[in-house]
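Coordinate analysis (summary)
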Amino acid sequence: MAWLFVYLLKNSSIGSSALIWLLPVVLPILALVCLWIAYIIGKKFLFVFQLAKFILIGAFFAIFDLLIFNLLMLWFGITDKGPKYLIFVGASFIIATSVKYIADKYWAFEKKEGSNAGAEFIGFFVVTLISGAIQIGIAALVSGSNPLLNMTVSAWANIGKISGIVIASAWNFIGYKFFVFKK
């Protein structure tokens, strides 16, 4: 995850050389420490450990999602708002979320039994579709406004995407925990 983040930073105006070399060391250590703390708290409150694992999975797939999104923008030369931007937001979201299902099911929510897997995947897909609509809506709302702090259009497009990811992730945790992977 740190190396994917480094790739994104290198292709933005944010990345500094010190930050780029620190991330691959600091992020894994920070993730392990936070997971260990969540594990200890999770012995008393299960949802804390589930939430920590969900956040770690989500962070990885958010970076993966942003990587796909940026590759699409780079490949097609599109960095501004408009229909192609929204198609790229949706396409990167669908690709990342399709792979994320396995990690959420087996690691974050530890759902081992395979009974009615078809209905479970449909539930996951419905929650995810709603999440996708939330993400695209928030991204369109943010990217449709004027960039702040003299940001480039590309950086502002990423702020829109990240804002959508954060709000959609909250919806996903609630939907997955209480509807899709409930025990």
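Refer to the structure above for everything that follows.
Residues numbered from 1 in each chain as written. Predicted model: local features only at pLDDT ≥ 70, side-chain atom pairs only at ≥ 80, totals over all residues. Heavy atoms only, no water.

**Observations regarding the overall build of the protein**
To be explicit about the condition: By definition, any uninterrupted DSSP run of H or I lasting at least four residues is a helix, any uninterrupted run of E lasting at least two residues is a strand, and each is numbered from the N terminus. In this scheme, a residue with accessible area under 20% of its type's maximum is buried, one over 50% is exposed, and one in between is partly exposed, where area comes from a 1.4 Å probe on protein chains only. In these tables, accessible area is a Shrake-Rupley quantity obtained with a 1.4 Å probe, and a residue counts as shielded only by the protein chains included in the view.
Helices and strands together make up the secondary structure of the protein, namely 6 helices and 0 strands. What you see in the protein, going N to C, is helices and strands ordered as α-α-α-α-α-α. Sorting the 183 residues of the protein into buried and exposed places 38% on the buried side. Roughly 10,500 Å² of accessible area belongs to the protein as shown, and the carbon and sulfur atoms make up 77% of that amount.

**Considering the packing of helix H4 (residues 83–108) against helix H6 (residues 153–180)**
Keep this limit in mind: Orientation is described by lines fitted to C-alpha atoms, with helices fitted over the stretch in contact, and by angles between N-to-C directions that extend from 0 to 180 degrees. Should the near helix be turned anticlockwise from the far one by less than a right angle, the crossing is left-handed, and should it be turned clockwise, the crossing is right-handed. By definition in these notes, contact holds between two residues if any of their heavy atoms fall within 4.5 Å. In this classification, Asp, Glu, Lys and Arg are treated as charged, Ala, Val, Leu, Ile, Met, Phe, Trp, Tyr, Cys and Pro as nonpolar, and every other residue, Gly included, as polar.
Where H4 meets H6, the axes come as close as 12 Å, and the angle between the chain directions of the two elements is 35°. Judged by the sense of rotation from one axis to the other, the crossing of H4 with H6 is right-handed. Residues Tyr85, Val89, Ser92, Phe93, Thr97, Lys100 and Asp104 of H4 pack against Ala157, Gly160, Lys161 and Tyr176 of H6. Among the residues making up the contact of H4 with H6, the classes are represented as 5 nonpolar, 3 polar and 3 charged.

**Some points on the packing of H4 against helix H5 (residues 117–143)**
If you want to describe how two helices pack, look at the angle between their axes and the distance between the axes. Orientation of H4 relative to H5, taken along the N-to-C sense of each, is 145°, at an axis distance of 10 Å. Here H4 runs over H5; the crossing is right-handed. Contact residues: Tyr85, Leu86, Val89, Gly90, Phe93, Thr97, Lys100, Tyr101, Asp104 and Lys105 in H4; Ala117, Glu120, Phe121, Phe124, Thr128, Ser131, Gly132, Gln135, Ile136, Ala139, Ala140 and Ser143 in H5. Among the residues making up the contact of H4 with H5, the classes are represented as 11 nonpolar, 7 polar and 4 charged.

**Describing the pattern of salt bridges**
What counts here: Whenever Lys or Arg places a side-chain nitrogen within 4 Å of a carboxyl oxygen from Asp or Glu, that contact is recorded as a salt bridge.
Per the stated rule, a full pass over the model turns up 5 salt bridges. Taking the shortest distance from any N to any O, the salt bridge between lysine 53 and glutamate 110 comes out at 2.6 Å. Taken as a pair, lysine 53 in helix H3 (residues 46–76) and glutamate 110 in the loop between H4 and H5 lie far apart in primary sequence, 57 residues in all. A relative accessible area of 39% places glutamate 110 in the partly exposed class. Where aspartate 65 meets lysine 161, a salt bridge forms, and the shortest distance between an N and an O atom there is 3.0 Å. Of this pair, aspartate 65 sits in helix H3 while lysine 161 sits in helix H6, and the two are 96 residues apart along the sequence. Looking at aspartate 65, the relative accessible area reads 4%, which means it is buried.

**Brief notes about the packing of aromatic side chains**
To keep it simple, the criterion reads: Put simply, two rings from Phe, Tyr or Trp (the six-membered ring, in Trp's case) pair if the centres are within 6.5 Å, and we call them stacked under 30 degrees between planes, edge-to-face over 60, tilted for the rest. Two conditions define a charge located above a ring, namely a distance within 6 Å from the ring centre to NZ of Lys or CZ of Arg, and an angle within 35 degrees of the ring normal.
Counted by the stated rule, this structure contains 19 aromatic pairs. Between the aromatic rings of phenylalanine 54 and tyrosine 176, the centroid separation amounts to 6.2 Å while the plane-to-plane angle is 75°, which identifies the pairing as edge-to-face. With phenylalanine 54 in helix H3 and tyrosine 176 in helix H6, this residue pair connects regions lying 122 residues apart in the sequence. Here a set of aromatic residues connected by ring pairs shows up, and it is made of Phe54, Tyr101, Phe109, Phe121, Phe124, Phe173, Tyr176 and Phe181. The ring of tryptophan 107 is capped by lysine 53, whose NZ or CZ atom sits 5.7 Å from the centre of that ring.

**Concerning the environment of asparagine 158**
Within the secondary structure, asparagine 158 sits in helix H6. Asparagine 158 sits in the buried class, given a relative accessible area of 15%. In this view, asparagine 158 contacts Leu66, Phe69, Asn70 and Met73; residues no more than four positions away in its chain are not counted.

**Side note on H3**
As a reminder of what qualifies: One fewer than the residue count of a helix, multiplied by 1.5 Å, yields its expected span.
In this model H3 runs 44 Å from its N-terminal to its C-terminal C-alpha over 31 residues, within 8% of the 45 Å that 1.5 Å per residue would give. After H3 finishes, the residue glycine 77 shows a positive phi value of roughly 70°.

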